[in-house]
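Structural features, examined
Spelled out from the first residue to the last, the chains are:
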Amino acid sequence: MSDESRPSPAEMPPDTRASTRTAAVIPAAGRGVRLGPGVPKALRALGGTPMLIHAVRAMAASRGVSLVVVVAPPDGAAEVKSLLDAHALPERTDFLVVPGGESRQESVRLGLDALPATYDTVLVHDAARPLVPVDTVDAVIEAVRDGAPAVVPALPLADTVKQVEPAAVPGEPEPVVATPERARLRAVQTPQGFDRETLVRAHETVTDNVTDDASMVEQLGLTVMVVPGHEEAFKVTRPLDLVLAEAVLARRRLNDGF
Ligand code: CTP
Ligand code: MG
């Protein structure tokens, strides 16, 4: 077949485009200090199923994702492997489990180190965002495959944000330094999508502490693109977030006719 008669990448389904294979790395090695005492956050149950399993299913729900790398609590890799074996997951998706590190950044890097060479697009998705809809995952993959080196899903903010001079003692009043224009701010979620080579380079180059992967790519001087996020992609961080997550699951069950 000549090159002219081949469909262009944009016309082909996401999982068959030449040399664009997508893997998802799921950092799940955190303790969940803000959620309170108990098992590591990713292993907490939501609707009777560990949060991590929801997150893995959310990534595997995308036809574009053919490998999921779970970064487990450092001493919990064996437990996470047997959890993945015990829960029904799509046939078309492969799974790998690696032990995580001290920081989220280190955990993501350990996940990237485990990626086979055949993957050129990488999603990084918090285990703590178990309910992200598949349309959000697909939109991120699509934007990376369309040429963006880094893509983040994000939402406009409901609250006005103030920059303050942090108090030395938590809870003490803090002076306001500035009020950024809310309409120009976005609250960023995951999965964040990357050209694999770009994300690996960012992890090799940037050593500052960061709270998301895309900011490392920004530090390389590249433009990160934002696509619409979703309310249900919220991060389970504090106890009230568990209540919200259970409510979202209950609503889904009702809508699915169970
Ligand atoms: N994470 C990780 N390795 C770490 C720390 C965090 O893989 N050393 C993961 C968490 O498991 C989570 C994601 O990064 O899926 C987002 O982090 P966060 O919501 O802050 O989770 P925790 O760090 O576990 O929570 P906390 O900060 O309240 O302790
Ligand atoms: Mg944390």
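Everything discussed here concerns the structure shown above.
Residues numbered from 1 in each chain as written. Chains lettered and ligands numbered in written order. Predicted model: local features only at pLDDT ≥ 70, side-chain atom pairs only at ≥ 80, totals over all residues. Heavy atoms only, no water.

1. Some thoughts on the site of ligand 1
Close to ligand 1 lie 18 residues, the nearest being P27, A29, V33, S107 and K235. A29 has a polar backbone atom sitting 2.8 Å from an oxygen atom of ligand 1. Protein contact buries 87% of the 560 Å² of open area that ligand 1 shows by itself. Split by residue class, the shell around ligand 1 holds 6 nonpolar, 5 polar and 7 charged. (Near = heavy atom within 4 Å. Polar contact = N/O pair within 3.5 Å; in protein donor to acceptor, adjacent residues only side chain to side chain. Areas by Shrake-Rupley, 256 points an atom, 1.4 Å probe, with all protein chains shown as cover. Nonpolar A, V, L, I, M, F, W, Y, C, P; charged D, E, K, R; others polar.)

2. Details of the side chain of K41
Position of K41 among the secondary structure elements: in the loop between β1 (22–27) and β2 (45–46). Among buried charged residues, K41 stands out as having no salt bridge; its nearest opposite-charge side chain is D241, 7.2 Å away. One polar contact links the side chain of K41 to the main-chain carbonyl oxygen of V236, over a distance of 2.8 Å. With near-sequence residues (within four places) excluded, K41 lies in contact with G30, R31, G32, L35, M51, A128, V236 and T237. (Helix = DSSP H or I, 4+ residues; strand = E, 2+ residues; numbered from the N terminus. Buried < 20%, exposed > 50% of the residue type's maximum accessible area, 1.4 Å probe, protein only. Lys, Arg positive; Asp, Glu negative; His and termini not counted. Salt bridge = Lys/Arg side-chain N within 4 Å of Asp/Glu carboxyl O. Contact = heavy atoms within 4.5 Å.)

3. What to know about the packing of aromatic side chains
Using the criterion set out here, one finds 0 aromatic pairs in the structure. The ring of Y119 carries R21 above its face, with NZ or CZ at 4.4 Å from the centroid. (Phe/Tyr/Trp six-rings, centres within 6.5 Å; stacked < 30°, edge-to-face > 60°. Lys NZ or Arg CZ within 6 Å of the ring centre and 35° of its normal.)

4. Focus: helix α7 (residues 239–255)
Each α-helix winds once per 3.6 residues, and so residues spaced three or four apart point in a common direction. Taking 1.5 Å of rise per residue, the 17 residues of α7 would be expected to cover 24 Å, and the 25 Å separating its terminal C-alpha atoms lies within 8% of that figure. Of the residues making up α7, those classed as buried are D241, L242, A245, V248 and L249. Along α7, the residues classed as buried sweep out an arc of 125° about the axis, all on the same side. Among the exposed residues of α7, those oriented more than 90 degrees off its buried face are L240, V243 and L254. Residues of α7 that are buried sit in contact with β2 and α1 (51–60). Of the residues trailing α7, G257 is marked for its positive phi of about 85°. (Expected span 1.5 Å × (residues − 1). Arc of directions from axis to C-beta.)

5. Things to note about the pairing of strand β5 (residues 94–99)
In this sheet, β5 lies alongside strand β4 (residues 65–72) in parallel orientation, the contact comprising 6 bridges. In the strand pairing of β5, V68 is matched with F95. In this view, the connection linking β4 to its parallel neighbour β5 by way of helix α2 (residues 77–86) has right-handed handedness. (Pairing = 2+ DSSP bridges. Right-handed = clockwise from strand over helix to strand, strands pointing away.)

6. Description of the pattern of salt bridges
Pairs may arise between side chains of opposite charge once their charged atoms sit close together. Applying the stated criterion across every chain, the model contains 7 salt bridges. When the shortest N-O distance is used, the salt bridge between D113 and R109 registers 3.1 Å. Of this pair, D113 and R109 both sit in helix α3 (residues 104–113), separated by 4 residues, roughly a single helical turn. Judged by relative accessible area, D113 falls into the exposed class, the value being 54%. For R109, a relative accessible area of 32% corresponds to the partly exposed category. Across the salt bridge formed by R129 and D126, the nearest N and O atoms sit 3.1 Å from each other. Take R129 and D126: they sit in the same class, and that class is buried.

7. A look at the nonpolar core
Residues L52, M59 and V70 are the most contacted members of the largest nonpolar core, which totals 33 residues. Among the elements of the structure, β1, α1, β4, α2 and α4 (134–145) are those that each provide at least two residues to this core. For this core, the element with the most residues is α1, which contributes 6 residues. Setting aside residues up to four positions removed in sequence, V70 forms contacts with I26, A28, L52, V56, V80, L84, L96, V97 and V98. (Core = buried A, V, L, I, M, F, W, Y, C linked by side-chain atoms within 4.5 Å.)

The values reported here are purely geometric and, on their own, carry no functional implication.
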